[in-house]
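Fold and contact review
Here are the chains, one letter per residue:
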Protein chains: 4
Amino acid sequence: MAQKLPLAALNALPAGDFAAALANIFEHSPWIAEAAAQARPFATLADLRTALIGVIDNASPERRLALINAHPDLANRTQRAVGLTAESTAEQDGAGLDRLSDVEFKLFERSNAAYKQKFGFPFVLCVRRHTRDSIFDAFARRLQNPPQQEAGEAIREIGRIATLRLAELVEGDSSLAVSGRLSTHVLDTHGGQPAAGVQLELIELSRHGADRLIGRAVTNTDGRTDRALIEGRPVPIGAYELRFHIGAYFARHGVELSDPAFLDVVPVRFGVSEPERHLHVPLLVTPWSYTTYRGS
Amino acid sequence: MAQKLPLAALNALPAGDFAAALANIFEHSPWIAEAAAQARPFATLADLRTALIGVIDNASPERRLALINAHPDLANRTQRAVGLTAESTAEQDGAGLDRLSDVEFKLFERSNAAYKQKFGFPFVLCVRRHTRDSIFDAFARRLQNPPQQEAGEAIREIGRIATLRLAELVEGDSSLAVSGRLSTHVLDTHGGQPAAGVQLELIELSRHGADRLIGRAVTNTDGRTDRALIEGRPVPIGAYELRFHIGAYFARHGVELSDPAFLDVVPVRFGVSEPERHLHVPLLVTPWSYTTYRGS
Amino acid sequence: MAQKLPLAALNALPAGDFAAALANIFEHSPWIAEAAAQARPFATLADLRTALIGVIDNASPERRLALINAHPDLANRTQRAVGLTAESTAEQDGAGLDRLSDVEFKLFERSNAAYKQKFGFPFVLCVRRHTRDSIFDAFARRLQNPPQQEAGEAIREIGRIATLRLAELVEGDSSLAVSGRLSTHVLDTHGGQPAAGVQLELIELSRHGADRLIGRAVTNTDGRTDRALIEGRPVPIGAYELRFHIGAYFARHGVELSDPAFLDVVPVRFGVSEPERHLHVPLLVTPWSYTTYRGS
Amino acid sequence: MAQKLPLAALNALPAGDFAAALANIFEHSPWIAEAAAQARPFATLADLRTALIGVIDNASPERRLALINAHPDLANRTQRAVGLTAESTAEQDGAGLDRLSDVEFKLFERSNAAYKQKFGFPFVLCVRRHTRDSIFDAFARRLQNPPQQEAGEAIREIGRIATLRLAELVEGDSSLAVSGRLSTHVLDTHGGQPAAGVQLELIELSRHGADRLIGRAVTNTDGRTDRALIEGRPVPIGAYELRFHIGAYFARHGVELSDPAFLDVVPVRFGVSEPERHLHVPLLVTPWSYTTYRGS
């Protein structure tokens, strides 16, 4: 990852350099940073973000529409071939949009087309807060919006995209609150101790394409993973499955099991709805029972 | 299902008719029923079974080997084309051996061949007590046996096959104990009541082929299913998944959920090891937590 | 317990004998059964009950008031010395009103006095549906009633008393539905089996007096008690504690425990609000964890 | 609490002052600190403790016996009237030995007498690691010891007492590890959130005397208590009950409850066996169910 720019340094730049440094925060729309440069210095990243969003809020409807139109379609192979901004490409790849099934690809084509036909501008979504499934859900929901309201949603999403890009570009305080966290904890209630050495996988589920393995870990002596399963970024909205290799754990501890074991791989399937929150999904487990819950 | 023959009527038949009536209990081996006819009358089905098994136990090694050799290979398409006994066909189809994936089919071919090469007789297994996965596990385990011991295992399996066929053919007491039971119960611990109207599916899992939907049900006002998920027959050894449609249940009850719901379809994956026992797999569930366990 | 009178025999009695047989259903008020005798024969006990209650509902306000006034005070030692009906004595003793603490006794005196002063008639309650605590709660609640409404409540309680007496006196169908049930089940989720041989006690809790041991049992091989903890009668409204001797159970099974054990006697405290329902209070337990819930 | 002495300052004192500073670490036995003074400087508190214990280990049997005999009886009212060291008084009071029931007091008298008769020296125990119940358990267990072994146990307890006094007297590193921790966490699995504002009490249970309220707290927005229930000292070995006021919590949240509530005050009774460890006792709770376990 590139070196971040300190907020103080950004504040101190000549106006043109300031705008250039922030050029990529908004797709092809340098006018926003140029206008915000007048309001320097910014005490916090949140203040800077507020100033940038304020420029958009005060812009004419035409300029706002042009900003929306500056965005690429999601998962559009032709645009991708011609060239997206590096930021757009990374964001779309992160959400798995470069590895779609045929069904998913066709759904994207159809959804983009239906959306454009209704609203006349491309569908804008902060994809780093989403999985493939939740993008389709967002299409379905927003296609019901009246056009005026939908333009507002698009602008809000542009604000979310900009916030995440800002947090990566500029070094500052934690005031942007762009990161969530997904964590787990395995308690062995047969032995009355944290379950250490349990292998686990995190899978992103998909209704129309392939499920996607997005993490593996082994629990430490405290029954937790050394690093959270997802952290330092939004936890994408969507459906997930954690798989805990419990049978192997108890077998290693010499616990007498049935053959096959009553519990071998324990799947816990759950939905994420708030990308910027901490979601804790623990497991209390014996060879014959388990409990899971949304913890904190 | 054909009308069953009462045990009393069977006891009263001429010896030849008795043997004819039981001809299909053992594959192509009428001599067993013929010999057992001498020991009539039988007070219970278990007594009859004991007499039949006793005939085999007292037979010469050659006759016992011939009995084993009278059995078909599992999942052998050539033999199937030529014609198995109706009983063998039904039993193999019940275990899904007529709908194998290519990988599974090749595994069967290879396993049958390896087994025959080592032992010189076909692999005999009471498939109604098994799933595809547990058949492969049985192959793997029994291929490790010394030949003498393996002939004993094959005879034991022939006894199990005969017991199940006997229980279907003859009407009598419950002394054969061939049936297990798989049941569930959904408790809504958010509302403090049985969860009625919860859709659920029972899936047989497979390591090498396709998972197989083997049952659907909806819970009744007591949170149970009107009939057990499996009953009146052995619960095949293997791995299963129950899927409880919990999100839809709570949504119908007007409970406020996140979007997507934290819990939507709850999968509970478990192994069955004792086909003739009652296995109870309940779910205690709120929109934010659940507990499952091996009940009784 | 005295022999019950079959409903058919009751239907066939001369009117005078019929009224005499039911004389004790209502305290000192033979006129009710006398009037109901005209409506014979009764197909079910519920029909008979309806007829009896109908007589009261159609009686003049003066007669209804006289019926209420025919009832003794609760826990009144003077009246007890002079003599209650045998039915009243048994019912009050069953609720523990013969073994009150001094504080409880004074509370009864004060409550009875306050009630009589406000309403001019004695407090009537079907005490077999209550514990000491819930009697005090009923006093507190009903003292808020307007007099007209309170007379109605008293009559309703007289109907409940009569229903229970009727169910004990006359042999008939189960149409009166006077009985509830309290049951438990102990599952050993450490061993994956019902917990057999667990000693347990059922305690009725009291805010103003001594807690009262009302049952002891040992779980059977299915982890249940051979008989329900309470059955064949209402489960009195109130607060209870079940105490499960879990430490001793796991020690007997050779499970390694800490010293002292993390779990020894597990108390489960719960309230009963519906005396005629089945309340199931199970325990899923390991040496290091447990779960309990309102089951069914 | 008095100002602590830094270890560096202690190291720098003249030998006599060093011994004087540590005089109260061991009851009436200045010779131990005097001898240990030779080994200065000490890098850590654990090193200092090791040196002090080493002096005892290397002392003659007579001196070791004199050290044991320098200790008071537990809960001896006569000695208390005459005067214990301030340290002994505070320690015994902390364990509740100044508020014994008559039964407990007699048990102490009898236990002390039996012990002295058998061993000829007073019973020494680090009471800050114990409750009344576990002191009686220790009496019972140690009375079974052969005299030689018991003298060793007494010396070990003197070491534990000294370690705790040292940790309070000298400011240093955390190398003595004298503190445990008892914590809780309440999760509302009905609402899917931490349960904030739950009142709870911690009770020390007693077999022979009165239970003793030793803490009250209210859960914060994270469902935890702002400070651990016990911390910064050993968690005394014994039996405890946590009482969670769950009914009031759900009533405040507008959840529909039965009357009386199925769950009102939830008691969780547990044993503590390792005073220097962290014991976490959480509660996952709905109005109709709960789960608790030994967490970490």
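Refer to the preceding data block for the structure.
Throughout what follows, the structure given in this document is the object of discussion. These figures come from a predicted structure and were not determined experimentally. Each chain has its residues counted from 1, following the order in which its sequence is written. All chains are assigned letters beginning at A, and all ligands numbers beginning at 1, according to the order in which they are written. Restriction of local features to residues with pLDDT of at least 70 applies here, the model being predicted, together with a cutoff of 80 or more for giving and counting side-chain atom pairs; totals for whole chains, interfaces and linings are based on all residues. No hydrogens and no water enter the side-chain calculation; it runs on all heavy atoms of the structure.

Quick look at helix α9 (residues 132-142) of chain A now. In terms of residue burial, α9 of chain A counts as a mostly covered element, since eight of its eleven residues are buried. By the burial criterion, the buried members of α9 of chain A are R132, D133, S134, I135, F136, A138, F139 and R142 of chain A. Buried, partly exposed and exposed residues are distinguished by accessible area as a fraction of the type maximum, computed with a 1.4 Å probe on protein chains only: under 20%, between the cut-offs, and over 50%, respectively. Numbering of helices and strands runs from the N terminus; a helix is a DSSP stretch of H or I covering at least four residues, while a strand is a stretch of E covering at least two.

Often the size quoted for an interface is simply the accessible area lost on bringing the parts together. Residue contacts are defined here by distance: any two heavy atoms, one from each residue, within 4.5 Å place the two residues in contact. Across the boundary between the two partners, chain D contributes seven residues, which contact seven residues of chain B. Joining two parts hides part of their accessible area as seen by a 1.4 Å probe, and the buried area is that hidden amount summed over both. Both faces combined, the contact of chain D with chain B buries some 600 Å², and carbon together with sulfur accounts for 55% of it. Each polar contact in these results corresponds to two N or O atoms within 3.5 Å; when the atoms are within protein, one needs to be able to donate a hydrogen and the other to accept it, and residues that are neighboring in sequence are counted only if both atoms are side-chain atoms. Applying the counting criterion to the chain D and chain B interface returns seven residue pairs in polar contact (both at pLDDT 80 or more). Of the residues contributing to the side of chain D that touches chain B, the split by class is one nonpolar, six polar and no charged. Nonpolar residues are Ala, Val, Leu, Ile, Met, Phe, Trp, Tyr, Cys and Pro. Charged residues are Asp, Glu, Lys and Arg, and all others, Gly as well, are polar.

Superposition of the two copies of the chain requires a rotation about an axis together with a shift along that axis. Copy-to-copy alignment: least squares on C-alpha atoms, limited to residues at pLDDT 70 or above in both. With an axial shift of 0.0 Å and an RMSD of 0.0 Å, the rotation relating chain A to chain B amounts to 180°. These values place the two chain copies in the arrangement generated by a two-fold rotation axis. Closest approach to the rotation axis among the C-alpha atoms of chain A is made by T291 of chain A, whose C-alpha sits 2.1 Å away. Of all interface residues in chain A, 100% are interface residues in chain B too; the two copies therefore contact each other through one and the same surface.

Take the pattern of salt bridges next. Salt bridges are counted wherever a side-chain nitrogen of Lys or Arg sits within 4 Å of a carboxyl oxygen of Asp or Glu. According to the stated counting rule, one finds 92 salt bridges over all chains in the structure shown. Of the charged contacts, one joins R165 of chain B and E91 of chain B as a salt bridge, the two residues approaching to 2.8 Å between their closest N and O atoms. Here R165 of chain B, found in helix α10 (residues 147-169), pairs with E91 of chain B, found in helix α7 (residues 86-94); they are 74 residues apart in sequence, far enough to count as distant. The same class applies to R165 of chain B and to E91 of chain B, which are both buried. Of the charged contacts, one joins R227 of chain C and E231 of chain C as a salt bridge, the two residues approaching to 3.2 Å between their closest N and O atoms. Taking the relative accessible area as the measure of exposure, R227 of chain C reaches 59% and is therefore exposed. Linked through salt bridges whose partners overlap, the residues forming this network are E241, R243 and R269 of chain A together with E241, R243 and R269 of chain B.

Fair warning: the whole summary comes from geometry, so function is off the table for now.
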